[in-house]
Amino acid sequence: MLGLTIVYISRLSVQKSLAKKTEELYQQKTVQLVDENSVKTLGAYLDGETTERQRLAGELHDRLGSQLATVKIYYDRIEDQLKGLEQFKQVQKANTLLGEAYADVRKIAHDLSADALTQFGLEHTIAELCETLSSSGKLSVQLSSLGISNNRLSSTIELVVFRSIQELMTNIIKHSEASTVLVLLKEKEDVLMVRISDNGKGFDTSSVDKKTGFGLQNIPKRLAPIGGDFSIESEIGKGTKAVIKVPNISKS
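Residues numbered from 1 in each chain as written. Predicted model: local features only at pLDDT ≥ 70, side-chain atom pairs only at ≥ 80, totals over all residues. Heavy atoms only, no water.

Let us look at the side chain of Thr-125. Position of Thr-125 relative to the elements: it lies in helix H4 (residues 122-134). Side-chain polar atoms of Thr-125 contact the backbone oxygen of Gly-121, separated by 2.7 Å. (Helix = DSSP H or I, 4+ residues; strand = E, 2+ residues; numbered from the N terminus. Polar contact = N/O pair within 3.5 Å; in protein donor to acceptor, adjacent residues only side chain to side chain.)

Put into structure tokens, the structure is as follows:
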């Protein structure tokens with residue numbers, strides 16, 4: 001009986017061990033499938049978002065932009081005819097505002113379009129963004145690249161990283177009061193890193209209102225499905241440094 005009991009306990013222990021290993025494998029497989037599905041879902045969402053952005057960009061540029069350009073031509077003629085008259089200043093001001101509105105529509109249409117990212121890749125599009133922000137004269141944005149290969153990342157990763165950078169830049173413009181921003185794009189082994197640092201007023205990261213969060217809470221949510229990581233360091237009076245890391249998965 002003792003021998004049978006020992007054998008029974010031994011078999012029971014083996015069965016429990018196998019059951020535990022089976023459960024662990026099942027959980028690992030489930031997590032893997034969830035991750036894969038998350039990436040697929042995110043990819044589908046971003047594809048849909050890109051299509052809609054391109055549609056809106058076309059509508060803005062081709063319809064509203066063309067209409068504003070036509071009206072601007074008429075205003076230019078009226079302005080020329082009214083030089084020296086009392087109404088000239090009012091028409092001139094209206095014409096200036098119209099020109100600014102036309103420029104804004106073109107910029108919005110350009111920002112909505114993902115053509116630059118699709119055609120030229122992440123590094124080129126980030127460089128273009130930095131140049132656009134610097135051209136305003138209010139903010140100096142400098143880009144440095146280290147070890148960047150010519151291999152394109154998957155379209156989902158490129159789009160997620162670029163949208164995250166846009167979010168950070170928007171936050172800097174709105175809240176930081178910075179004059180200089182340094183962007184480092186670095187590729188090492190199987191990781192792509194983007195580091196964005198500014199010389200702004202900084203903030204206490206522990207006391208940021210999580211409900212508003214300066215929009216920063218959106219970034220880790222975007223990065224999570226592609227296995228990305230986001231960290232931010234800031235101190236009042238000493239600027240802010242944000243780091244994005246994503247797996248370097250080449251475009252298939």
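Looking now at unusual backbone geometry. You will see that Glu-177, though not glycine, has its phi angle at about 60°, which is positive. Among the secondary structure elements, Glu-177 is positioned in the loop between helix H5 (155-176) and strand E2 (180-188).

A few words on the nonpolar core. Among the nonpolar cores identified, the biggest contains 34 residues, and Ile-165, Met-169, Val-183 and Ile-196 are the most heavily contacted of them. Those elements that provide at least two residues to this core are H4, H5, E2, strand E3 (191-198), helix H6 (218-223) and strand E5 (240-247). Non-local contacts of Ile-196, meaning those with residues more than four positions away in its chain, are made with Ile-165, Leu-168, Met-169, Ile-172, Val-181, Leu-182, Val-183, Thr-240, Lys-241 and Ala-242. (Core = buried A, V, L, I, M, F, W, Y, C linked by side-chain atoms within 4.5 Å. Buried < 20%, exposed > 50% of the residue type's maximum accessible area, 1.4 Å probe, protein only. Contact = heavy atoms within 4.5 Å.)

Judged by pairing direction, the sheet is mixed, and its five strands sit side by side in the order E1-E2-E3-E5-E4 without closing on themselves. Pairing within the sheet leaves two strands with one partner each, and these edge strands are strand E1 (140-146) and strand E4 (229-234). Within the sheet, the average angular offset between the axes of one strand and its neighbour, ignoring direction, is 10°. Where H4 meets the sheet, its contacts fall on E1, E2 and E3, and the angle it forms with E1 comes to roughly 160°. In the packing of H5 onto the sheet, the strands contacted are E1, E2, E3, E4 and E5, and the crossing angle to E3 comes to about 10°. (Pairing = 2+ DSSP bridges. Axes fitted to C-alpha atoms, helices over the stretch in contact; angles between N-to-C directions.)

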